[in-house]
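Topology and contacts: notes
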Amino acid sequence: MLGAGKFGTPAQDLDDLTTHFYAARKHGEPHRVLVEAQPENENGSENDPKNYATFDFNKILKDEGGEEEKPDPNKPYTLGPKISDWDEQRGEWLKRNPNFPNFIRENKPRVLLVTGSSPKPCENPVGDHYLLKSIKNKIDYCRLHGIEIFYNMALLDAEMAGFWAKLPLIRKLLLSHPEVEFLWWMDSDAMFTDMAFELPWERYKDVNLVMHGWNEMVYDQKNWIGLNTGSFLLRNNQWALDLLDAWAPMGPKGKIRDEAGKILTRELKGRPVFEADDQSAMVYLLATQRDTWGNKVYLESGYYLHGYWGILVDKYEEMIENYHPGFGDHRWPLVTHFVGCKPCGKFGDYPVEKCLKQMDRAFNFGDNQVLQIYGFTHKSLASRRVKRVRNETGNPLEAKDDLGLMHPAFKAVKVDDSTM
Amino acid sequence: MGQDNGSTFTTQKRSSGGGSALPTTNGRAAGAAARTMIPRGRQIHKTFNNIKITILCGFVTILVLRGTIGIGNLSSSEADAVNQNLIEETNRVLAEIRSDKDPDDPADSTDEPQFLSLNDTYTLGPKIVGWDQQRKVWLSQNPEFPSSVNGKPRILLLTGSPPNPCDNPIGDHYLLKAVKNKIDYCRIHGIEIVYNMAHLDKELAGYWAKLPMIRRLMLSHPEVEWIWWMDSDAMFTDMVFEVPLSKYSNHNLVIHGYPDLLFEQKSWIALNTGSFLFRNCQWSLDLLDTWAPMGPKGPIREEAGKVLTANLKGRPAFEADDQSALIYLLLSQKEKWMDKVYVENQYYLHGYWLGLVERYEEMIEKYHPGLGDERWPFVTHFVGCKPCGSYGDYPVEQCLKSMERAFNFADNQVLKFYGFGHRGLLSPKIKRIANETATPLEYMDQVDIRRPVHGDESSGSSETKS
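In this text, all values refer to a predicted model and were calculated from it rather than measured experimentally.

The helix and strand inventory of chain B stands at 15 helices and 12 strands. Counting every position in chain B, which comprises 466 residues, the buried fraction comes to 51%. Contacts in chain B between residues at least 24 apart in sequence constitute 73% of all its contacts with a sequence separation of at least 6.

Given below as structure tokens:
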């Protein structure tokens, strides 16, 4: 799945080892923990063509157009032709297109939030439902904050599959959208839980890459979870293209990725044994080439640009009681990221019940902040049902909007004096 | 584990030099005892036969084990049990998530929900008067939230789906694809999306749920000029076409349909409420108030259904639906409402999927995006497929294939901008259609949907323009 942090477990290592030894042998059916639940009432026969329950989706898909292009094994991997003058190209384009400015207002850059998932149905029967809730959650935050969304379902480069797929995608989007100042990558298993928090853009005016993390953990300890690439900002400029080029080489699947994985496990603190992932590669890159990149990278720990769900989800009720949206930090996390849950896949690192129930709670926690604009809230953090918390009146424009999200300042349009 | 077998193998081989291992120890003892009686040559021959049979049996055992349990599970009857528990636990959790039960339903709720009786009057909310004036005042006081951006009236697209998982996983997958499709169109055209997953009003559940939501959004967002409802089973298939709002400056409701079907035949499918636009104004609030009364579920909706079936042509017998109710309302109160209703059929604001999806290849060959009509349909609407339910009105294979085709047909128009396209309308894989270059903006200038090639007033900025 694109971007889901695959940290791996010894169980997965064993999996890899056994598959490696018996590569020629095909498993009949992958060993599934999550099995399609059969409906109890099987009206009609197995052959009823109008019954969705008995239909095999794999009959639908069909690839046309002959053989896929195979990469030349002798050529080293590149994300694309080298570009060295992107700042100039972009600058000229922006000048020619004043209707697509890269800053919407002063201190408000144009941001594109990028996320995505597989074009095929999830293995887990409720996986797509959680992807749907997750994108609704992102749609809500982005609508309130004037951010555009790109939901990717295409694998642009077969060599960079899995968590590495974001790199060719990010590069492609930067080059195709010169009007975008910041690209915000966000994993599909991350949700916004503070709808009122606006990113402190002025803080980042001199940097090009913002990730949640800690300097000591990355530069001193070389800890593989010293930063998180599940939610980060990348400015659209030459530096970013160069960074992507420096980041990519550990990615191509197969021997390169496996060997790179070994290097990363050896060099980074706490990293288990598995193939190279983009996050570890970033830690390694920054730790070993600090002079080249460090001064333009901001490791943010002042708020939860990425918030590990394990330490947050049990505290929601406490947060509701003691605090309010807008903090973005441990008091009211901006993002709750369900690292390791893998709701789309067959099995994750945590028990299914815990993951899915907590994802529901996080979703409702965020959704409540949107519903309150309209006078509603969920009956509880576990409930899909909503109840009214503000009576309708004959004067809707006088309605109290506690969080100021109905017409927030960060969504205001720049008022041109000449139009008055 | 492989090595275990191998070493057992070798053990057998190794000891075969002087006779076989365990199974044939007795044989050897017997052989030893019998050695005195059986000639040596025959004894060796017998030993070799035993070895051959042992090897053969061992080989067959391994094959069977590899084929069935699998090497990794040889010692895992315990692991199997754990796995079985995991599977059961997971299935229990999934069943709970997929059921309609909610932890906050009152413990003493009877199976019989409370319905409004036929004598009760239902309202969407307190009557609002003078909304046009209220809105105008608000807009003048809030210039940073204008109702037009860059010369285009502000549109809000409203869509949604129920809060529970679909009866089938494939339903959720297509809801996800449909929302991606809408995100793409709206990003290109500067339209905001509200994806509703809440039942704001338990009386008006199901297809009626859009009414309270439309009203709620109008009243909360005076800066929005048009609210565009779109069903979750409708997809944009023309990424370039824009709704010609200037055509509707004297109208408040834009809906796809056919006037002759409506006025002459009184057909229940004369209009389609799967995709329509409401202007944010007093007239619309009044229409919503007049439309809603057939909606409350229970006896009201049942009785209303009978009235609708009796009065509209071709309508089957079932509870009142919002589409039939609107048709009936507009017919019976024609003079009051019709002058502000635009029944549009010049382009497919709603395009019934049958008859369209088969022709996509022909369209690709002969036409181009931007037409919005039968040559390149604006919206393809999968009426009757119901992938979120258990049964549809059409064969599943036909529906899913068609939905996949529509999705990819539209996605190709988005991917083209990035130099890619699908490997066929049924393929999730993509192929490159334009080579990467060191000057990507040149290619982009040729294919950018958002900026007309003839370079007149462009769209997409958030800046207000005079």
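In this section: helix H8 (residues 278–288) of chain A. Burial analysis of H8(A) places 9 of its 11 residues in the buried class, the great majority of the element. By the burial criterion, the buried members of H8(A) are Asp278(A), Gln279(A), Ser280(A), Ala281(A), Met282(A), Val283(A), Leu285(A), Leu286(A) and Ala287(A).

Okay, the state of the cysteines next. Each disulfide consists of a covalent bond between the sulfur atoms of two cysteine residues. Residues and elements named next belong to chain B. For the structure shown, the criterion picks out 4 disulfides over all chains. Linked covalently through their sulfurs, Cys-166 and Cys-388 form a disulfide whose S-S length is 2.0 Å. Across the disulfide from Cys-166 to Cys-388, rotation about the S-S bond amounts to roughly -95 degrees, and the bridge is consequently left-handed. Within this pair, whereas Cys-166 is found in the loop between strand E3 (155–160) and helix H6 (169–189), its partner Cys-388 is found in the loop between strand E10 (379–381) and helix H14 (396–415), the two being separated by 222 residues in sequence. Residue classification places Cys-166 among the buried residues on the basis of a relative accessible area of 3%. When the bonded cysteines of chain B are counted from the start of the sequence, the pairing works out to 1-3, 2-4. Shown here for chain A is a disulfide pattern of 1-3, 2-4, where each number marks a bonded cysteine counted in sequence order.

In terms of nonpolar packing, the biggest core is built from 237 residues, with Trp184(A), Leu234(A), Trp228(B), Phe278(B), Trp291(B), Phe378(B) and Leu400(B) touching the most fellow members. When near neighbours in sequence (up to four residues on either side) are disregarded, Leu400(B) contacts Tyr52(A), Phe55(A), Phe57(A), Ile60(A), Ile170(B) and Tyr174(B).

A cluster of nonpolar side chains, contributed by Leu56(B), Val60(B) and Val64(B), occupies part of the molecular surface with about 260 Å² of accessible area. As for its placement among the helices and strands, Leu56(B) is situated in helix H3 (residues 40–67).

As for its placement among the helices and strands, Gln134(B) is situated in helix H5 (residues 131–141). Residues Gln134(B) and Glu436(B), spaced 302 residues apart in sequence, show a C-alpha to C-alpha distance of 53 Å. Ignoring any residue separated from it by four or fewer positions in sequence, one finds Gln134(B) in contact with Gly394(A), Asn395(A), Pro396(A), Leu397(A), Ile128(B) and Val129(B).

A few words on the side chain of Asn236(A). Residue and element names in this part refer to chain A. Counting through the fold element by element, Asn-236 comes out in the loop between strand E8 (227–235) and helix H6 (238–247). Within polar-contact distance, the side chain of Asn-236 engages the backbone oxygen of Leu-174 at 3.0 Å. There is a polar contact of 3.1 Å between the side chain of Asn-236 and the backbone oxygen of His-177. Apart from the residues within four sequence positions on either side, Asn-236 is in contact with Trp-86, Arg-90, Leu-174, His-177, Pro-178, Val-180 and Glu-181.

With mixed pairing, the 6 strands of this open sheet are ordered in space as E4-E3-E5-E8-E7-E9 (chain A). Every interior strand has two partners, whereas the edge strands, strand E4 (148–152) and strand E9 (297–300) of chain A, have only one. Within this sheet the neighbouring strands show an average axis-to-axis angle of 25 degrees, counted without direction. Judged from the 5 bridges that link them, strand E3 (residues 111–116) of chain A and E4(A) form a sheet pairing that is parallel. Residue pairing across strands places Gly116(A) opposite Asn152(A), the latter belonging to E4(A). Lying over the sheet, H6(A) contacts strand E7 (209–213), E8 and E9 of chain A, oriented at roughly 145 degrees with respect to E8(A). On the sheet, H6(B) packs against E3 and E4 of chain A and is oriented at approximately 140 degrees with respect to E4(A).

With that settled, consider the sheet that holds strand E5 (residues 226–230) of chain B. Pairing between the strands of a sheet comes from backbone hydrogen bonds, and it takes one of two forms, parallel or antiparallel. All names here are of chain B. Judged by pairing direction, the sheet is mixed, and its 6 strands sit side by side in the order E4-E3-E5-E8-E7-E9 without closing on themselves. With partners counted over all chains shown, the strands left at the sheet margins are strand E4 (192–196) and strand E9 (341–344), one partner each. Across this sheet, the average inter-strand angle for adjacent strands is 25 degrees, counted without regard to direction. Summarising the sheet, E3 and E4 pair through 5 bridges and their orientation is parallel. Each residue of the ladder has a partner; that of Leu-158, found in E4, is Val-194. Where H6 meets the sheet, it contacts E3, E4 and E5, and its direction lies at approximately 160 degrees from that of E4. Its contacts with the sheet place helix H11 (residues 322–332) against strand E7 (253–257), strand E8 (271–279) and E9, and it is angled at close to 65 degrees to E8.

Now for the interface of chain B and chain A. Across the boundary between the two partners, chain B contributes 119 residues, which contact 111 residues of chain A. At the boundary of chain B with chain A, total buried surface from both sides reaches about 10500 Å², with 60% on carbon and sulfur atoms. Along the contact surface separating chain B from chain A lie 7 salt bridges. Our enumeration of links across chain B and chain A arrives at 29 residue pairs in polar contact (both at pLDDT 80 or more). Listing elements by their share of the side of chain B that touches chain A, those giving two or more residues are helix H4 (77–98), H5, H6, E4, helix H7 (210–220), H14, strand E12 (430–432) and helix H15 (440–447) of chain B. Considered class by class, the residues forming the side of chain B that touches chain A number 55 nonpolar, 28 polar and 36 charged.

Residue and element names in this part refer to chain A. Taken N-terminus to C-terminus, the directions of H6 and H8 make an angle of 110 degrees; their axes are 10 Å apart at the nearest point. What the angle tells us is that H6 and H8 run roughly perpendicular. Judged by residue contacts, Leu-243, Ala-246 and Trp-247 of H6 engage Asp-278, Ala-281, Met-282 and Leu-285 from H8.

Turning to the packing of aromatic side chains, a few remarks are in order. Residue and element names in this part refer to chain B. Scanning the model with the defined rule gives 39 aromatic pairs over all chains in all. When the centroid spacing of 6.0 Å and the interplanar angle of 40 degrees are considered together, the rings of Trp-228 and Phe-378 count as tilted. You can see Trp-228 sitting in strand E5 and its partner Phe-378 sitting in the loop between helix H13 (360–366) and E10, a full 150 residues away along the chain. By the ring-pair criterion, three or more aromatic residues cluster together here, those being Tyr-185, Trp-228, Phe-236, Phe-241, Tyr-347 and Phe-378. The ring of Phe-318 has Arg-315 sitting right over it, with the charged end atom 4.1 Å from the ring centre.

Now for the packing of helix H3 (residues 127–145) of chain A against helix H11 (residues 352–371) of chain A. All names here are of chain A. Contact geometry for H3 and H11: axes closest at 10 Å, N-to-C directions at 25 degrees. Taken together, H3 and H11 sit at an angle that is classed as roughly parallel. Note that H3 runs across H11; the crossing there is left-handed. Between H3 and H11, the residues in contact are Tyr-130, Lys-133, Lys-136, Asn-137, Asp-140, Arg-143 and Leu-144 and Leu-356, Met-359, Asp-360, Phe-363, Asp-367 and Val-370, respectively.

This paragraph deals with the pattern of salt bridges. Side chains bearing opposite charge may pair, as long as their charged atoms lie close to each other. Under the counting rule described, the total for this entry stands at 49 salt bridges over all chains. Glu242(B) is paired through a salt bridge with Lys152(B); the nearest N and O atoms lie 3.0 Å apart. Of this pair, Glu242(B) sits in the loop between strand E6 (234–236) and E7 while Lys152(B) sits in strand E2 (residues 152–153), and the two are 90 residues apart along the sequence. Overall, the relative accessible area of 33% leaves Glu242(B) in the partly exposed class. Assessed through its relative accessible area of 25%, Lys152(B) is described here as partly exposed. Three or more residues joined by partner-sharing salt bridges are found here, namely Arg388(A), Glu392(A), Lys127(B), Arg215(B), Arg216(B), Asp286(B) and Asp289(B).

Before going further, it helps to spend a moment on the confidence of the model for chain A. Residue and element names in this part refer to chain A. When the pLDDT values of chain A are averaged, the result is 87; 87% of them are 70 or greater. Every residue in residues 1–8 is under pLDDT 50, and counting partners more than four places away or in other chains gives 29 contacts. Under a pLDDT of 50 for its full length, residues 10–45 has, in the predicted model, 41 contacts with residues more than four places off or in other chains.

Right, let's get into the environment of Lys262(A). Inspection of the secondary structure puts Lys262(A) in helix H7 (residues 255–267). Distance from Lys262(A) to Ala276(A), taken between C-alpha atoms, is 7.6 Å for residues 14 residues apart in sequence.

This part is about the side chain of Ser176(A). Residue position: Ser176(A) is located in helix H4 (residues 166–176). In this view, Ser176(A) contacts Phe417(B), Tyr418(B) and Met444(B); residues no more than four positions away in its chain are not counted.

Regions with low pLDDT carry predicted coordinates that are not meant to be interpreted in detail. All names here are of chain B. For chain B, per-residue confidence averages 85 on the pLDDT scale, and 84% of positions sit at 70 or higher. Taken as a whole, residues 1–34 scores under 50 in pLDDT and shows 20 contacts with residues more than four places along the chain or in a different chain. Confidence drops under a pLDDT of 50 for residues 453–466, and excluding neighbours within four residues, the segment shows 37 contacts in the predicted structure. Both scores are available for the predicted complex, with the pTM at 0.84 and the ipTM at 0.88.

What counts and what doesn't
- Residues numbered from 1 in each chain as written.
- Chains lettered and ligands numbered in written order.
- Predicted model: local features only at pLDDT ≥ 70, side-chain atom pairs only at ≥ 80, totals over all residues.
- Heavy atoms only, no water.
- Helix = DSSP H or I, 4+ residues; strand = E, 2+ residues; numbered from the N terminus.
- Buried < 20%, exposed > 50% of the residue type's maximum accessible area, 1.4 Å probe, protein only.
- Contact = heavy atoms within 4.5 Å.
- Disulfide = S-S within 2.5 Å.
- Core = buried A, V, L, I, M, F, W, Y, C linked by side-chain atoms within 4.5 Å.
- Patch = residues over 30% accessible without salt bridge, like charges linked within 9 Å, V, L, I, M, F, W, Y side chains within 5 Å.
- Areas by Shrake-Rupley, 256 points an atom, 1.4 Å probe, with all protein chains shown as cover.
- Salt bridge = Lys/Arg side-chain N within 4 Å of Asp/Glu carboxyl O.
- Polar contact = N/O pair within 3.5 Å; in protein donor to acceptor, adjacent residues only side chain to side chain.
- Pairing = 2+ DSSP bridges.
- Axes fitted to C-alpha atoms, helices over the stretch in contact; angles between N-to-C directions.
- Buried area = accessible area lost by both parts, 1.4 Å probe.
- Nonpolar A, V, L, I, M, F, W, Y, C, P; charged D, E, K, R; others polar.
- Parallel < 35°, antiparallel > 145°, perpendicular 65-115°, else oblique.
- Phe/Tyr/Trp six-rings, centres within 6.5 Å; stacked < 30°, edge-to-face > 60°.
- Lys NZ or Arg CZ within 6 Å of the ring centre and 35° of its normal.
- Left-handed = near helix turned anticlockwise from the far one by under 90°.
- pLDDT = per-residue confidence, 0-100.

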